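Structure at a glance
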Amino acid sequence: MSHHEVILSAPRDLAVGGAPAILQRSDEDFIEAVLTRLRDADGRIGLRASLARSVSVAGGTDTRPSSKRNSGRGLFNKLRDASRQLGLAGGRVAAPPVLESAPGSDQQLVEGIRRSAEGAQVLKLFQPIQRQFNLAVMEARCDTPGEPRIDPTRVDSAGMVIRRLVRDSQGREVKQGWMRAGESLKGWARVGAAADGIARGNRHDPEALRRLSRPTTGQPVLDHEVLALLAAQEDALLNESVVPMFVAPPDVCKAAAATLFYGLIPTTSSEKAEGGAPGFDEAAFGPTTADFKSHLVGPLRGVADSLPRPGRALTPDMAGIAGNAADSERSAMKRFLLLLRQLAVEFDAFADSAEADALMVVLNGIALPLADADGKPVAGSRPAGDFLAAASRILLNEESISPAPTIPARWPALDTGTSEALARALSACLRVRFEAVSGVAGRFDDPEARYVLRAFVRLKPEGVCPARTVWGDYSPAFVIAPWYEGSGAPPVQVPLPDPGDKEMLKKLKPNVAFTVPASMQNLLSGDPLDLMDGKKPADSGLKLGWICSFNIPIITICAFIVLNIFLSLFDLFFRWMMFIKICIPFPKKGGGES
């Protein structure tokens, strides 16, 4: 006894091909609405309007033709698809594996890349935040005369995998699956050739235990050796993420005379792979690159520079020199503050880390000459690292240090060896800073990525025949629109109260409260004109916290007014108003005769 073949495809009358139909819906009860329309042919034909739309993008999927050896089978499948559309018996059979052709010439590779760059048609799916939902729908039937639907009781489970399309170093398209090894989330990993081709049997199941589960030979020693050999493969213990698919309700399947499956296609995910943070690009922004060196302020590049108020004690109020247009040393203070901010913010030079300590050693090797009270050079010097660390606390953090450090006479020019050592130490700190703030890329975070999905059905064992996994074809490639892109769904309307209606304002009671610390309340209670001039109000001496209550609609009105002001200001540069703001009049709603 042996299994007969099972065909997975899009529901008949809805789409053709061995991949699920991808529907895009914006209605709230979209699953119920789709299931209702799947019951009959007219409903399925009507669902064609909901099929995901294609867009043209550069860098698409492979457009290389299939091997000639598979062309006959492809023609046969097309004829069978056409016969089904005409209502004739027959169905599409699974194609045999496509034999990998030998690597093409460089000219063929360049031609393939050129065709890809010209733009390929791919589907565009939207995210739930854009009020669009994507549903995969398929049917399963027996590859026997008449193509009867399979018995749902034979199905153990069903699902689909979403795979990312990338190109290897030779420009060939490969697929990656979202993988997990035990409790560890590995992220995107290459899908093996066996799992990527036409798959039959548990060996190509997304779940590792099902792949390793094989009929026994009756020889325990041999079975153990076979299992150990399979488990030793690189991807043997990887579990690919599966999106569940569900059998349609029995009444829907009965009315449609088909065993139908549906599943929600995820286009957003909070999952992040372990160790999946993007690497720091040393080749593009390393210590020896021109971009890195040009990004550094002059003193860190080894260029000599003057310092503001040489010979004077450094105090927090000196930071105001940078904002005083009448001060002759305004420019010098601005450059000095920029030096401090680059060290403290970008490189985290004064942190407690091995890289910061190494940078301080290099900085302390730079001797800053001293100056007297008149700013004239005198004998002696001060290590640059210690002075910069103290200056950062005073000018950036507004701390008072006793005794206050004296400002050196100038920043000297650095020799080549010191400049290179400083660049290497700064780059090491930047690498640590990058790893701390870059975060980990999520599953669908790459805005340029292309994906495909593939559905499968797990069938229960029958008699002496073991359980098996049946796969459908890959879907057309699709991209996921960024969250800010318009999806075509109607905008959400937010009614605003009329601020000129006094009776309405009386009804707007506070419905949100903020706990305000004493320092912030003291700041907000000052004269607004003084705040605009940068004058901080004097401390009232009260250390009382405050609870301030507001009405959310009033906050919304204030935000709406401020938004319109800034939109108009920025429109001077971006010229975006005609695209992002559309206001149309409408009659005021109110009572009246019907």
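Residues numbered from 1 in each chain as written. Predicted model: local features only at pLDDT ≥ 70, side-chain atom pairs only at ≥ 80, totals over all residues. Heavy atoms only, no water.

1. Brief notes about the packing of aromatic side chains
Going by this rule: Between the rings of Phe, Tyr and Trp (Trp by its six-membered ring), a pair exists once the centres lie within 6.5 Å; its type follows the angle of the planes, with under 30 degrees stacked, over 60 edge-to-face, and the other angles tilted. Where helices and strands are cited, they refer to DSSP runs of H or I of at least four residues and of E of at least two residues respectively, numbered from the N terminus. The classification of residues rests on relative accessible area computed with a 1.4 Å probe and restricted to protein chains. Under 20% of the type maximum is buried, over 50% is exposed, and intermediate values are partly exposed. A ring is scored as having a charge over it whenever the NZ atom of a lysine or the CZ atom of an arginine sits within 6 Å of its centre and within 35 degrees of its normal.
The full count for this structure, using the stated rule, is 17 aromatic pairs. Note on Phe-336 and Phe-387: the rings are 5.9 Å apart at their centroids and 25 degrees apart in plane angle, and the pair reads as stacked. Within this pair, whereas Phe-336 is found in helix H12 (residues 330-346), its partner Phe-387 is found in helix H14 (residues 384-396), the two being separated by 51 residues in sequence. Accessibility classification places Phe-336 together with Phe-387 in one group, the buried group. The rings of Trp-178, Trp-188, Phe-444, Tyr-451 and Phe-478 are connected pair by pair, giving a single aromatic cluster. Directly above the ring of Tyr-474 sits Lys-175, whose terminal nitrogen or CZ lies 4.6 Å from the centroid. Across from the ring centre of Tyr-474, 4.8 Å away, lies the NZ or CZ of Arg-454, which sits over that ring.

2. Here we look at unusual backbone geometry
Each neighbour pair has its own omega, and for Ser-402 with Pro-403 the value is -5 degrees, a cis peptide bond. Phi at Glu-147 is positive, roughly 50 degrees, even though this residue is not glycine. Locating Glu-147 in the fold gives a position in the loop between strand S5 (133-142) and strand S6 (155-167). A positive phi angle, near 50 degrees, is found at Arg-309, a position not held by glycine. Relative to the elements of secondary structure, Arg-309 occurs in the loop between strand S12 (305-306) and H12.

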